[in-house]
Each structure stands twice: as C-alpha cells, then as structure tokens.
Amino acid sequence: MRGPSVLYVRVPGPWGTWQPLVRVLADITPVVEALPPDAALAEVGGSERYFDRDALGLGELVRVRMLALYGLDCAVGVGPNPLLARMAAHDGPPGAVRCVADTPGSIAAFLDPKPVAALHGVGPKTAGTLCAYGLDSIGKVAAVSEATLQRILGAKQGRLLHERARGLDRTRVVAYGPPATAGAAWRFDRHETDAAEHHRALLALAVDLGRQLRTDRQVARSLSLTVRYADRSTTTRTRTLPEPSAHTPVLAAAARSLHEALGLQRARVTALSLRAEGLGADRLAGSQLTFDRRTENARRLEPVLDRITARWPGAVRPASLPRAS
C-alpha cells in the first residue's frame, strides 16, 4: 500500500511567513501550494526516491531547513491527503512532525476520538447542529449513514462530511500560485450602530489588508466590503479601484466610500470584512504619476512601517484605530 505523500506545514509569526516556507518546499518538490498567511501544502510522492526518504523523513528535512535558514520552527503534518495532513499538523504545537499512516485502522484511530468541530471544514454552526443530534465526535459521525447526514445538513454538505469523517478527501495539491484574494475581518464586541466606529474599524482593516498585499508584493484591482448585521444577514458591495493598488489610504478611502453608499442609518452591525480581489504582481502594475509630496512620502514610508510592525506588532498604527475587540 502506498504510504502518505502529502505535507502540510505551518509556521508561527507575522504575515509573510508562507513565502520562505514555499521556497524551502520548492527545493524538494515542484508541487507546492501556498496557503497564506502561514502554511503550505506539498505533494512529495515524486521526491521520495530522489532524496532516499519517505514523506515523514522529508517532513523532518523541511523542519530542519526552516530552523537553519530562517529560525522558524514548524508544525508538519504528513498524511495520504490534504485533509489528514492538515489535521495532523494542527494536532499539537509547532516543533514536531506528526504522521497519519495510509491504513484504515490508523486513520480511524486518529479521527474517531476527536470532537466533530476538529474536522476541517466544520464550523461552529455545523458542529452545534451535529451535537444536537448526539454526533459530538468524528467517530460517531463516521458511523452514521450518508443519507442521515444529508437529512441533517443537506445533500452536498452531508455527502462531504460523510467522506471527511472517514478520512477521505478528493482535493489535490495544486502547484503554487499567488493567492487570488486577500481578506481581513473585524468583529465588534456588541451590536455597533455608530458610523464613526464603523469607519475606525474599516481603517484598521485597510491597514491590515494593505500590509498583507505589500508583504506578498501584490496589488488589488477591486475591493469588496461585507457587512454582517445582528439578525445574521449580510450585505456585500464591490468597487473597482481607479488603478491597481496596495496603498493603505487608497484602500481605506474605497472602503469608506462603499460603507457610506450603503446608507445604513444606525443599523446594528456585528462585523465588517474587506476583501481585495483581482490580485496581481506589483511589479507588473502601473501607477499614475503624482506631484503630491505627501502621497509620495507616504508610499515610501509604508514598507518601513511594515517591517517595524512585523518585528514589533502593534508598535506603529494610525491614531484613529479602534481598540481590538
């Protein structure tokens, strides 16, 4: 039987740690999928013979190289598919390589005792629904028929959960490419009706999103704002930027314009999220020349502030940012 061949590696630290991870993995296999901000998947089945190591040995090699080259200690999960490799990596703290063997007994022993919320793709709402039926562990879910799960969760989600509870995953590792979108979210600690607080949260999100884009050397062509209300409904609006940008003031202005266009009128808002879409490499994007010295100085200062924030999180931020909830 073919052994596990998928690695899921996650590293601690600020935005951007996936980039050195991809570089290390790319020296071992060409099939690497970046999962920003802090993880990556790799298919190493074709590299085992070249390195004369199995997947577990290659996982240990990745961890040693990340420590030696970047001083970052990883958690490495090894499994027969992305689902099990991901769950193995999250099954403990960084600093270890954990493997799930490609046998029915090993997969069941790994999955069955875990709470159903530990299964990748099961959120709090789905977990609550399953627990209401007494299905509070992955093993109990695996023992239920697909038809029963479909009656509880719906046809598509029930079928997917039925497979995942048995350790089956139809997804494959795809060769690395830059992420198509980037996002940031802010959750209020109460039902917020004050538009000024909304604007402060949007500025915080624009700062975070701009830092992500600049770290990944990307620019966004459009910006999407999603507002979540107290009744759990949402509104989403998207706007194309005047030119591709990762400049925080541009993102903040677009976000505020989207918010004001909604005319919320003291709506009870529980969360806001921004998503940058249509991402592309910053080196390929043109920018409009400007003679505004303040704008040019701000653009030059942003990479410096990004490096300071990466080393000392929270050390530099706009004065009007809200307190974290």
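None of these values were measured; they are calculated from a predicted model. (Residues numbered from 1 in each chain as written. Predicted model: local features only at pLDDT ≥ 70, side-chain atom pairs only at ≥ 80, totals over all residues. Heavy atoms only, no water.)

Whenever I open this one, the overall build of the protein confuses me. Can you help?
Regarding its fold elements, the protein presents twelve helices and ten strands. For the protein, the proportion of its 325 residues judged to be buried stands at 43%. Long-range pairs, those at least 24 residues apart, make up 66% of the contacts in the protein with a sequence separation of at least 6. A total accessible area of about 17,300 Å² is found for the protein, and carbon and sulfur atoms account for 52% of it. (Helix = DSSP H or I, 4+ residues; strand = E, 2+ residues; numbered from the N terminus. Buried < 20%, exposed > 50% of the residue type's maximum accessible area, 1.4 Å probe, protein only. Contact = heavy atoms within 4.5 Å. Areas by Shrake-Rupley, 256 points an atom, 1.4 Å probe, with all protein chains shown as cover.)

When you look at the pattern of salt bridges in this model, what are you seeing that I'm missing?
For side chains bearing opposite charge, pairing can occur when the charged atoms are close. Applying the stated criterion across every chain yields a total of seven salt bridges. Salt-bridge contacts for lysine 114 lead to aspartate 91; the nearest nitrogen and oxygen are separated by 2.6 Å. Residue lysine 114 is located in the loop between α5 (104–111) and α6 (124–132), and its partner aspartate 91 is located in the loop between α4 (82–89) and β5 (96–99); the two are separated by 23 residues in the primary sequence. Notably, a salt bridge pairs glutamate 163 with arginine 170, separated by 2.8 Å at the nearest N-O pair. (Salt bridge = Lys/Arg side-chain N within 4 Å of Asp/Glu carboxyl O.)

Even after reading the chapter, I still don't get helix α11 (residues 248–262), so can you show me in this structure?
Given 3.6 residues per helical turn, the α-helix brings residues three or four places apart onto the same face. With 15 residues, α11 ought to run about 21 Å at 1.5 Å a step, and its terminal C-alpha atoms sit 22 Å apart, in line with that. Residues of α11 that are buried: Thr248, Leu251, Ala252, Ala254, Ala255, Leu258, His259 and Leu262. An end-on view of α11 places all buried positions within 165° of arc, on one side of the element. Immediately beyond the C-terminal end of α11, within one or two residues, lies glycine 263, with a positive phi of roughly 55°. (Expected span 1.5 Å × (residues − 1). Arc of directions from axis to C-beta.)

In this structure, what is going on with helix α8 (residues 146–153)? I would like to understand it.
Of all the residues in α8, the buried ones are Leu149, Ile152 and Leu153. Down the axis of α8, the smallest arc covering the buried residues is 75°, so these residues share one side. On its buried face, α8 sits against α6, α7 (138–142) and α9 (155–164). Phi turns positive, to about 105°, at glycine 154, one or two residues after α8.

Any chance you could explain the nonpolar core here in plain terms?
In a soluble, globular protein the nonpolar side chains are often hidden away together inside. With 34 residues, the main nonpolar core has Leu213, Leu223, Leu225, Val227, Leu272 and Leu274 as its most contacted residues. With nine residues, the top contributor of residues to this core is helix α10 (residues 195–215). Not counting residues up to four positions away in its chain, the partners in contact with leucine 213 are Ala182, Gln218, Ala220, Ser245, Ala246, Leu251, Ala276 and Leu279. (Core = buried A, V, L, I, M, F, W, Y, C linked by side-chain atoms within 4.5 Å.)

Would you explain a positive patch on the surface in this entry?
A surface patch of positive charge is lined by Lys125, Arg187, Arg228 and Arg232. Secondary-structure assignment places arginine 187 in strand β6 (residues 182–192). (Patch = residues over 30% accessible without salt bridge, like charges linked within 9 Å, V, L, I, M, F, W, Y side chains within 5 Å. Lys, Arg positive; Asp, Glu negative; His and termini not counted. Charge placed at Lys NZ, Arg CZ, Asp CG, Glu CD.)

I tried to follow the sheet that holds β5 on my own but got confused; where do I start?
Pairing between the strands of a sheet is mediated by backbone hydrogen bonds and can be parallel or antiparallel. Taken in spatial order, the five strands make up an open sheet running β2-β3-β1-β4-β5, and their pairing is mixed. Since the sheet does not close on itself, it has two edges, and those belong to β2 (32–35) and β5, each with one partner. Averaged over all pairs of adjacent strands, the angle between their axes in this sheet comes to 15°, without regard to strand direction. Here four bridges tie β2 to strand β3 (residues 39–43), and the two strands are oriented antiparallel to one another. Pairing of valine 32 across the sheet is with alanine 42, part of β3. Docked against the sheet, helix α1 (residues 18–26) engages β1 (6–10), β2 and β3, running at close to 15° with respect to β3. (Pairing = 2+ DSSP bridges. Axes fitted to C-alpha atoms, helices over the stretch in contact; angles between N-to-C directions.)

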